[in-house]
Amino acid sequence: AQKITQTQPGMFVQEKEAVTLDCTYDTSDQSYGLFWYKQPSSGEMIFLIYQGSYDEQNATEGRYSLNFQKARKSANLVISASQLGDSAMYFCAMRKGETSYDKVIFGPGTSLSVIP
Amino acid sequence: GAVVSQHPSRVICKSGTSVKIECRSLDFQATTMFWYRQFPKKSLMLMATSNEGSKATYEQGVEKDKFLINHASLTLSTLTVTSAHPEDSSFYICSAGGHRSGRVRGEQFFGPGTRLTVL
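Residues numbered from 1 in each chain as written. Chains lettered and ligands numbered in written order. Predicted model: local features only at pLDDT ≥ 70, side-chain atom pairs only at ≥ 80, totals over all residues. Heavy atoms only, no water.

Asks: Outline the interface of chain A and chain B, supporting the account with residue identities and numerical values.
Replies: Taken together, the contact between chain A and chain B spans 23 residues of the former and 24 residues of the latter. Of all residues in chain A, the largest losses of buried area upon contact with chain B belong to Ser100, Tyr101 and Lys103 of chain A, amounting jointly to 30% of the total for that side. If you look at where chain A meets chain B, you find one salt bridge. Here glutamate 59 of chain B makes a salt bridge to lysine 103 of chain A, at a shortest N to O gap of 3.1 Å. On the surface where chain A and chain B come into contact, there are five residue pairs in polar contact (both at pLDDT 80 or more). Only strand E5 (32-39), strand E6 (46-52), strand E10 (88-96) and strand E11 (104-106) of chain A provide two or more residues apiece to the side of chain A that touches chain B. The class makeup of the residues in the side of chain A that touches chain B is ten nonpolar, seven polar and six charged. (Contact = heavy atoms within 4.5 Å. Buried area = accessible area lost by both parts, 1.4 Å probe. Salt bridge = Lys/Arg side-chain N within 4 Å of Asp/Glu carboxyl O. Polar contact = N/O pair within 3.5 Å; in protein donor to acceptor, adjacent residues only side chain to side chain. Helix = DSSP H or I, 4+ residues; strand = E, 2+ residues; numbered from the N terminus. Nonpolar A, V, L, I, M, F, W, Y, C, P; charged D, E, K, R; others polar.)

Structure (structure tokens):
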């Protein structure tokens, strides 16, 4: 069965510094996708970054980068130059398969607080 | 702009009543929609997968008769919480997948969520 683990329930980071949020996953599938979402207190799910299982290069999107280590089954999110608006819940998620019709399961989340 | 809407955004109801939540894809045909439930400070838990024109597939442990899902058109899926009780109070989120070019391969688009409170 697929499973996502996020071992950091809460994290603090100083404004303007970088922070790494951990994510490990378990799957026996060869084809899958990994996502990171941000959920502020409003509840909306904001897509941040995506990594396909066959993508050889680590994904980057502005201040977000994904440190993908396939053999270790880890997909850590790195946020550079943290901003106060980055304070939110962050969820790592995995999709089985490559289509939008495939199920997505979520990790337990990490609450990030950015300190001025 | 938003590509998936949910209505209502908030609902308060009395115990024993039924509540219907709508999930609409605004600018694409969503052949598949997913319904999630989220308790405070917890993660999203997939409840069911709904495919247009067919019965929904429920995840293990989710009561089919309690959470009725209908996906009658390519732009609308509904979740009805029947005979709601206080323990059904939660944040319900839908997502939609279909023929819309997203930023990434196979992206699903999330609705803004519906907060249900059962008194």
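Asks: Explain the pattern of salt bridges to me, and be specific about the residues and the numbers.
Replies: All names here are of chain A. Inspection of every chain in the model, using the stated rule, returns five salt bridges over all chains. Close ionic contact of aspartate 26 with lysine 73 constitutes a salt bridge, the shortest N to O distance being 3.8 Å. Within this pair, whereas aspartate 26 is found in strand E4 (residues 24-26), its partner lysine 73 is found in the loop between strand E8 (64-69) and strand E9 (74-79), the two being separated by 47 residues in sequence. Judged by relative accessible area, which is 28%, lysine 73 ranks as partly exposed. (Buried < 20%, exposed > 50% of the residue type's maximum accessible area, 1.4 Å probe, protein only.)

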